Amino acid sequence: MLPIPESELIINSRGAVYHLDLRPDELATTVLTVGDPDRVAKVSRHFDSIEHRAHHREFVSHTGYIGRKRLTVVSTGIGTDNIDIVLNELDALVNIDFSTRTIKKDSTHLTIIRMGTSGSLQKDIPVESFVASTHGLGLDNLLNFYRHDGTQEENDLLHSFSTQTQLHPRLAQPYLSGASPTLLRHFTTGFHQGITVTCPGFYGPQGRVLRLGLSQPELIDRLTSFSYGPHRITNFEMETAGIYGLGKLLGHSCLSLSAIVANRIQKEFSKDGDAAVGRLIRETLSIVEGLQ
Ligand code: R1P
Ligand code: URA
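Source: prediction; values computed, not measured. (Residues numbered from 1 in each chain as written. Chains lettered and ligands numbered in written order. Predicted model: local features only at pLDDT ≥ 70, side-chain atom pairs only at ≥ 80, totals over all residues. Heavy atoms only, no water.)

## Concerning the site of ligand 1
No. 1: Looking at ligand 1, the residues that line it are Gly35, Arg39, Ile78, Arg114, Gly116, Thr117, Phe202, Glu237, Met238 and Glu239.
No. 2: In this structure, an oxygen atom belonging to ligand 1 sits 3.2 Å away from a main-chain N or O atom of Gly35.
No. 3: One nitrogen or oxygen atom from the side chain of Arg114 is found 3.1 Å from an oxygen atom belonging to ligand 1.
No. 4: Burial of ligand 1 by the protein chains amounts to 85% of its free accessible area of 340 Å².
No. 5: Looking at the shell around ligand 1 residue by residue, the classes come out as 3 nonpolar, 3 polar and 4 charged. (Near = heavy atom within 4 Å. Polar contact = N/O pair within 3.5 Å; in protein donor to acceptor, adjacent residues only side chain to side chain. Areas by Shrake-Rupley, 256 points an atom, 1.4 Å probe, with all protein chains shown as cover. Nonpolar A, V, L, I, M, F, W, Y, C, P; charged D, E, K, R; others polar.)

## Observations concerning a positive patch on the surface
No. 1: Where like charges cluster on the molecular surface, the positive patch consists of Lys42, Arg45, Arg279 and Arg282.
No. 2: Note that Arg279 resides in helix α7 (residues 273-289).
No. 3: Relative accessible area serves as the criterion here: at 36%, Arg279 is assigned to the partly exposed category. (Patch = residues over 30% accessible without salt bridge, like charges linked within 9 Å, V, L, I, M, F, W, Y side chains within 5 Å. Salt bridge = Lys/Arg side-chain N within 4 Å of Asp/Glu carboxyl O. Lys, Arg positive; Asp, Glu negative; His and termini not counted. Charge placed at Lys NZ, Arg CZ, Asp CG, Glu CD. Helix = DSSP H or I, 4+ residues; strand = E, 2+ residues; numbered from the N terminus. Buried < 20%, exposed > 50% of the residue type's maximum accessible area, 1.4 Å probe, protein only.)

## Let's talk about the site of ligand 2
No. 1: Surrounding ligand 2, one finds Thr117, Ser118, Gly119, Phe202, Gln206, Arg208, Glu237, Met238, Val261 and Ala262.
No. 2: For ligand 2, a nitrogen atom lies 2.8 Å from a polar atom in the side chain of Gln206.
No. 3: Here an oxygen atom of ligand 2 and a side-chain polar atom of Arg208 are 2.6 Å apart.
No. 4: When the free accessible area of ligand 2 is taken as 240 Å², the share hidden by the protein chains comes to 92%.
No. 5: A total of 3 residues in the shell around ligand 2 trace back to one element, the largest contributor, which is strand β7 (residues 111-120).
No. 6: Of the residues belonging to the shell around ligand 2, the class tally is 4 nonpolar, 4 polar and 2 charged.

## Observations concerning the environment of Glu289
No. 1: Following the sequence through the fold, Glu289 ends up in helix α7.
No. 2: When its relative accessible area of 44% is taken as the criterion, Glu289 is described as partly exposed.
No. 3: For the pair Glu289 and Gly67, spaced 222 residues apart in the sequence, the C-alpha separation amounts to 7.7 Å.
No. 4: Ignoring any residue separated from it by four or fewer positions in sequence, one finds Glu289 in contact with Ile66 and Lys69. (Contact = heavy atoms within 4.5 Å.)

## Things to note about the environment of Asn141
No. 1: Tracing the chain through its elements places Asn141 in the loop between β8 (130-138) and α3 (152-165).
No. 2: Judged by its relative accessible area of 31%, Asn141 falls in the partly exposed class.
No. 3: Taking C-alpha positions, Asn141 is 7.5 Å from Tyr175, a pair spaced 34 residues apart along the chain.
No. 4: Those residues in contact with Asn141 that lie beyond four places of it in its chain are Gln173 and Tyr175.

## What to know about the packing of helix α2 (residues 80-95) against helix α6 (residues 240-250)
No. 1: At a closest axis distance of 9 Å, the pairing of α2 and α6 adopts a crossing angle of 25 degrees. The angle between α2 and α6 falls in the class roughly parallel. Crossing of α2 against α6: the hand is right-handed. Here Thr80, Ile83, Asp84, Leu87, Asn88 and Asp91 of α2 come into contact with α6, specifically with Gly242, Ile243, Leu246, Gly247 and Leu250. (Axes fitted to C-alpha atoms, helices over the stretch in contact; angles between N-to-C directions. Parallel < 35°, antiparallel > 145°, perpendicular 65-115°, else oblique. Left-handed = near helix turned anticlockwise from the far one by under 90°.)

## Looking at the nonpolar core
No. 1: Counting 57 residues, the largest nonpolar core has Leu20, Leu32, Val43 and Leu255 as its most contacted members.
No. 2: Core analysis: the next-biggest nonpolar cluster, separate from the first, contains 18 residues, Leu121, Leu158, Leu167 and Val197 among them. (Core = buried A, V, L, I, M, F, W, Y, C linked by side-chain atoms within 4.5 Å.)

## Quick word on the packing of aromatic side chains
No. 1: Evaluation of the coordinates by the stated rule reveals 4 aromatic pairs.
No. 2: Taking 5.8 Å as the distance between ring centres and 65 degrees as the angle between the ring planes, the aromatic pair formed by Phe161 and Phe226 counts as edge-to-face. Of this pair, Phe161 sits in helix α3 while Phe226 is found in the loop between α5 (219-225) and β11 (227-228), placing the two residues 65 residues apart along the sequence. With respect to burial, Phe161 and Phe226 carry one shared label: buried.
No. 3: Both rings, one in Phe202 and one in Tyr203, keep their centres 5.0 Å apart while their planes meet at 75 degrees; by these two values the pair is edge-to-face.
No. 4: Three or more aromatic residues joined by ring pairs form one cluster here, namely Phe130, Phe187 and Phe191. (Phe/Tyr/Trp six-rings, centres within 6.5 Å; stacked < 30°, edge-to-face > 60°.)

Structure, rendered in structure tokens:
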């Protein structure tokens, strides 16, 4: 097997992968991702010990222990362009031998759980409640750069989405991937579940109007009214579909959890989003600690 060239997998003088500035021994196999770099310390303050801290650009990571469980919390910044970097580098850290630059024969499986914020698309999913995403539906195009096929259920859902929403093809070529069913089962009590739409922006791509007109003003209504069997769209944000799509292609188990900070139907914004995120962190850590 030919080594992966230096231009494709960039390893710095510390032997760490370029953007995350992490070496293979500095990463745990259970990884929590957050968007905001300042949220990393809000997670790791619940660790019993921290063995490693890294910070390069928007990628802050802390690795440590809760009891006997070793965890890494890493910030991704905003958007699936960053998710492309984070997921590929996390995978490289466990599945590529950095000394030979070749793919390891036996692959390592990561558990990756996002703890983020999100906007609700349903009246009955209020601000400060939590959503566990059954699927990530991407309007951001990331996965279309990789060879991918969905399961029959995923393809049927996506087909129904395209038919019902009639989004202009100039807007997006949607893609869809499911959560790890095993992880999702642990997040039923206290969590709404539903499809999360991942957008390539916060304003126009999420139907917000400040000074510019929208090319598809009916976007929010169409997302809110979509249904397919028991499935509906609960919320939108900017990372989930990229995590689910790339995570599945790379063979990892992924779950995205969101604290709702805006309800776009009720036109409400949370008065204390930080407290809701704090509760999501505590609730998630208590569940993750018990995972095998
Ligand atoms: C936008 O404000 C950001 O908030 C959400 C979106 O996905 C986007 O990253 O998540 P985080 O709070 O995790 O960053
Ligand atoms: N994050 C988003 O992407 N959208 C929202 O409305 C709130 C948080």
